[in-house]
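Remarks on the overall topology
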Amino acid sequence: MIWMRAAPLIALAVASALDPSLASAGPSGKITIAQGVDPSTLDPMNHQESPAGNVCRNLFDTLLERDQELKIQPMLARELPRLVSPTVWEFKLRPGAKFHNGEPVDAEAVKFSLERLVDPKLKLRGSPPFAPLSHVEIVDALTVRIHTRTPWPILDTLMSATQAAILPPKHYRDKDSSQAERAPVGSGPFRFVRWVRDERIELEANEQYWRGAPRVKTLVFRPIPDDAVRVAALQNGEVDVAVNIPPHLATIIANHPKLFLTTAPSVRTIQLMYYTHQYDAQHKLIGPYPGPTADRRVRLAMNYAVDVDDIIKNVLDGKAVRTALMLTDKHFGFDPGIKPIKQDLAKSKQLLAEAGFPNGLEITLNSPQGRYVRDKEVAEALAGQLTKPGIRTTRKTHAWVHYFGTLAYNHRTQPVWLLGWGTSTYDAETVYVPLFRAGRFLSNYYNADFEGMIEQAQATMDAKKRVEIYHRINRLWVEDAAAMPLYQQIDLYGATKRTVWKARSDEAIKGYDMALKDSK
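Residues numbered from 1 in each chain as written. Predicted model: local features only at pLDDT ≥ 70, side-chain atom pairs only at ≥ 80, totals over all residues. Heavy atoms only, no water.

Here we have four strands laid out as an open sheet, ordered β4-β5-β7-β6, and antiparallel in their pairing. Sheet topology places β4 (82-85) and β6 (133-140) at the edges, where each strand pairs with a single neighbour. Across this sheet, the average inter-strand angle for adjacent strands is 25 degrees, counted without regard to direction. In terms of strand pairing, β6 meets strand β7 (residues 143-148) through six bridges, oriented antiparallel. When the bridges of β7 are listed, V136 appears paired with I146. Contacts from helix α3 (residues 107-117) reach β6 and β7 within the one sheet, and its direction differs from that of β6 by about 175 degrees. (Pairing = 2+ DSSP bridges. Helix = DSSP H or I, 4+ residues; strand = E, 2+ residues; numbered from the N terminus. Axes fitted to C-alpha atoms, helices over the stretch in contact; angles between N-to-C directions. Contact = heavy atoms within 4.5 Å.)

Here's what the structure looks like:
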């Protein structure tokens with residue numbers, strides 16, 4: 001489709017007409033982005049986290065992508081896929097696209113990449129959402145057919161996820177993930193230069209990019225976990241874009257003479273996750289978790305103990321939306337009839353007594369710092385509220401790479417841990433399957449009825465029947481207190497006024513969409 005090549009050039013022409021300082025013969029200048037944490041990996045298939053995804057989406061392309069309005073559009077595919085049968089999807093590829101090392105983006109690359117993603121021997125952390133994928137058939141050099149084991153209604157939307165990145169086969173074949181993350185090679189608008197862990201990741205413009213060269217020459221990602229330090233770096237001009245602006249500082253950023261605030265309602269919801277069951281290092285179910293959160297009554301007691309509206313008001317300065325589920329109203333499967341639980345300390349104490357804890361109990365609440373908006377402060381507030389009905393809470397704060405890469409992926413954040421979860425598919429499947437289905441990297445839950453309903457939903461192509469199944473799943477999830485839903489995050493970004501960029505609801509940070517009003 002010709003318009004996909006032309007769109008960036010048209011956008012640049014329009015922007016240049018409005019502001020002549022944007023006109024440029026080629027990529028120029030540097031934009032530095034401050035994320036809250038460093039990625040755990042630069043292998044696009046070995047993670048389920050946005051900080052890694054934000055770097056990888058600048059290095060790698062996918063078959064499909066979401067535009068600024070979050071609508072699915074062709075990317076390496078030259079048109080939207082054709083459903084050949086309920087288990088076969090056909091994609092036609094764009095001719096002429098090349099990887100950074102000169103390999104062609106062709107049917108062989110698609111087959112290698114997607115089959116690598118779901119290869120059970122590799123155990124890649126990004127693979128669980130793609131479990132229904134069976135194999136890829138090469139029709140010709142620029143045509144593939146993706147086969148699934150059962151009908152799978154959201155294959156097309158997941159082909160826009162960074163985990164479905166298309167990789168150059170010669171470069172990645174026979175490389176393990178530790179090798180792959182050190183030398184990432186894709187077909188994206190930027191090339192990898194270097195990664196100094198916990199300090200910076202440097203990328204440079206791919207001037208042979210199939211869409212045309214980016215407008216920015218150098219893209220740098222810096223991890224700055226502390227909110228105050230991150231905001232100070234923005235105010236001092238050390239960074240050009242900063243994520244997770246603390247809500248109480250939003251007005252200061254918005255009124256700053258050299259900065260602007262850009263916001264979006266996030267796809268991400270924040271919640272406390274419970275351990276109800278134990279899994280081993282291979283993610284095999286062992287049995288019920290030997291602690292109080294295995295008891296549904298204890299989990300419900302915790303859910304009734306907290307006042308989320310108070311946290312939204314006093315910790316997040318009102319910049320969040322209370323949720324009853326881990327789904328926003330934009331998610332397929334959302335049920336507006338389910339309302340959030342209200343704090344009820346008497347009921348919380350009653351449930352604890354029924355569960356055998358009339359004098360209360362002690363738990364540990366694990367959380368990261370710098371990954372989500374005021375995550376440490378939210379965890380502190382939750383710990384204080386839980387103590388009121390007798391749930392004496394010790395809070396542990398962890399650096400993100402250790403928290404997610406070492407603990408969460410290995411079922412070691414017991415018994416309670418704070419998690420933000422958002423997927424740009426806006427589909428209930430990509431919330432419930434990776435976090436609550438047995439055998440997944442991040443699941444610490446098991447419910448036989450839930451398993452059966454999820455399996456049915458995943459194989460149902462009829463949208464009306466599928467949404468009905470998810471509504472039943474939602475009710476079971478709430479009744480079983482599978483987690484403690486808290487709120488939908490409102491994303492706050494600060495940026496320098498020389499930076500041309502706008503926040504997206506899927507949290508994506510794409511250097512290809514950025515420009516500088518000057519190159520100083």
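This structure, assessed with the given rule, holds three cavities of 30 Å³ or more. In this structure, the largest cavity spans a volume of roughly 150 Å³. Forming the boundary of the largest cavity are 15 residues, of which N54, V243, N244, R371 and E507 lie nearest the centre. Within the residue set of the lining of the largest cavity, elements represented by two or more residues are α2 (50-59) and β19 (483-496). (1 Å grid on protein atoms, 1.4 Å probe; cavity = no way out; pocket = protein on both sides within 12 Å on 5 of 7 lines; lining within 4 Å. Points joined across faces, edges and corners; volume = space filled by probe spheres on them.)

Right, let's get into the packing of helix α9 (residues 296-305) against helix α11 (residues 345-354). Look at α9 against α11: their axes get within 8 Å of each other, and the N-to-C directions meet at 165 degrees. On the basis of the axis angle, α9 is roughly antiparallel to α11. Both α9 and α11 take part in a crossing whose hand is left-handed. Between α9, through R297, L300, A301, Y304 and A305, and α11, the contact on the second element is made entirely by L345, K347, S348, L351, L352 and E354. (Parallel < 35°, antiparallel > 145°, perpendicular 65-115°, else oblique. Left-handed = near helix turned anticlockwise from the far one by under 90°.)

Further remarks concern the confidence of the model for the protein chain. Residues at a pLDDT of 70 or more form 95% of the protein chain, whose mean pLDDT is 93. With pLDDT under 50 throughout, residues 1-21 is counted as low confidence; its partners more than four residues away or in other chains account for 24 contacts. (pLDDT = per-residue confidence, 0-100.)

Below, the discussion takes up the pattern of salt bridges. When the charged atoms of two side chains lie near each other, side chains of opposite charge can form a pair. Enumeration according to the criterion identifies 30 salt bridges in this entry. A salt bridge links E202 to R200, with the nearest nitrogen and oxygen atoms 2.4 Å apart. The exposure class assigned to R200 is partly exposed, which follows from its relative accessible area of 24%. The network of salt bridges with shared partners includes R82, E90, K92 and R145. (Salt bridge = Lys/Arg side-chain N within 4 Å of Asp/Glu carboxyl O. Buried < 20%, exposed > 50% of the residue type's maximum accessible area, 1.4 Å probe, protein only.)

Here T162 shows up in the loop between α4 (155-158) and α5 (169-172). Ignoring anything within four residues of it in the chain, the contact list for T162 reads P44, H47, G53, R57 and T62.

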